[in-house]
Amino acid sequence: MIDWKRVPWSLWLYCATLVAGWARIEVGNHRPIPAKVLFAALMFAWIYGLLKAVGWVWTLTVVIGVLAILPYAFIAPFNWIGVVVSLVAVGLLLLPATRRYFAGDTATVDATPKA
């Protein structure tokens with residue numbers, strides 16, 4: 001189970017930006033319904049992994065966030081908004097409260113429950 005009261009505000013804010021971005025993609029694209037459902041399921045599973053403090057999900061999210069900055073920063077035309085949004089997202093994941101949450105006793109190596 002997720003310890004809802006222990007989740008830091010920075011992780012809540014990061015997850016809210018994920019949901020907002022997901023909603024924007026879903027509304028803006030005209031893809032088949034099964035693709036939309038699959039993407040929504042993957043996004044909610046990813047968010048659940050973050051809120052459950054699964055360490056490898058957080059690590060992979062940070063790596064993807066850092067790699068997401070590269071296209072915005074080095075491909076013309078330079079996109080300030082993309083760089084700023086990506087930096088803020090990575091910053092939220094690397095704030096001390098978020099790192100403590102994933103380093104604490106509720107953090108898991110995988111998604112299996114502890115006995």
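As shown above, the structure is provided for reference.
Everything numeric in this text was worked out from a predicted model, so none of it was measured.

Enquirer: Please explain a nonpolar patch on the surface as it appears in this structure.
Expert: On the surface, a cluster of nonpolar side chains totalling about 710 Å² of accessible area is made up of Trp56, Leu60, Val63, Ile64, Leu67, Leu70 and Phe74. Secondary-structure assignment places Leu67 in helix α3 (residues 55–74).

Enquirer: Quick question: what am I supposed to make of the side chain of Ser10 here?
Expert: Tracing the sequence through the fold places Ser10 in helix α1 (residues 9–28). If we skip the residues at most four places from it in the chain, Ser10 touches Leu92, Leu95, Ala97 and Thr98.

Enquirer: When you look at the pattern of salt bridges in this model, what are you seeing that I'm missing?
Expert: Taken as a whole, this structure holds one salt bridge when the rule is applied. Here Arg31 and Glu26 are joined by a salt bridge, their closest N and O atoms 3.2 Å apart. A residue is classified by how much of its surface remains accessible, and Arg31, at 30% relative accessible area, is partly exposed. With relative accessibility at 11%, the residue Glu26 sits in the buried group.

Enquirer: What exactly am I supposed to notice about the packing of aromatic side chains here?
Expert: The description of an aromatic ring pair uses the distance of the two centres, along with the angle that the planes make with each other. This model, assessed by the stated rule, comprises five aromatic pairs. Seen from their ring centres, Trp4 and Trp12 are 5.8 Å apart, and the 20° between their planes marks the pair as stacked. In this structure Trp12 comes out as partly exposed when scored by relative accessible area, which is 35%. Summarising the aromatic geometry, the rings of Trp58 and Phe102 are spaced 5.4 Å apart at their centres and angled 20° between planes, so their arrangement reads as stacked. Here the residue Trp58 occupies a position in helix α3, and Phe102 occupies one in helix α5 (residues 96–103), the gap between them amounting to 44 residues. We note that Trp58, like Phe102, is buried.

Enquirer: Please explain the environment of Phe102 as it appears in this structure.
Expert: On the accessibility criterion, Phe102 (9% relative accessible area) is buried. Separated by 47 residues in the primary sequence, Phe102 and Gly55 have C-alpha atoms spaced 6.1 Å apart.

About the criteria used
Residues numbered from 1 in each chain as written. Predicted model: local features only at pLDDT ≥ 70, side-chain atom pairs only at ≥ 80, totals over all residues. Heavy atoms only, no water. Patch = residues over 30% accessible without salt bridge, like charges linked within 9 Å, V, L, I, M, F, W, Y side chains within 5 Å. Areas by Shrake-Rupley, 256 points an atom, 1.4 Å probe, with all protein chains shown as cover. Salt bridge = Lys/Arg side-chain N within 4 Å of Asp/Glu carboxyl O. Helix = DSSP H or I, 4+ residues; strand = E, 2+ residues; numbered from the N terminus. Contact = heavy atoms within 4.5 Å. Buried < 20%, exposed > 50% of the residue type's maximum accessible area, 1.4 Å probe, protein only. Phe/Tyr/Trp six-rings, centres within 6.5 Å; stacked < 30°, edge-to-face > 60°.

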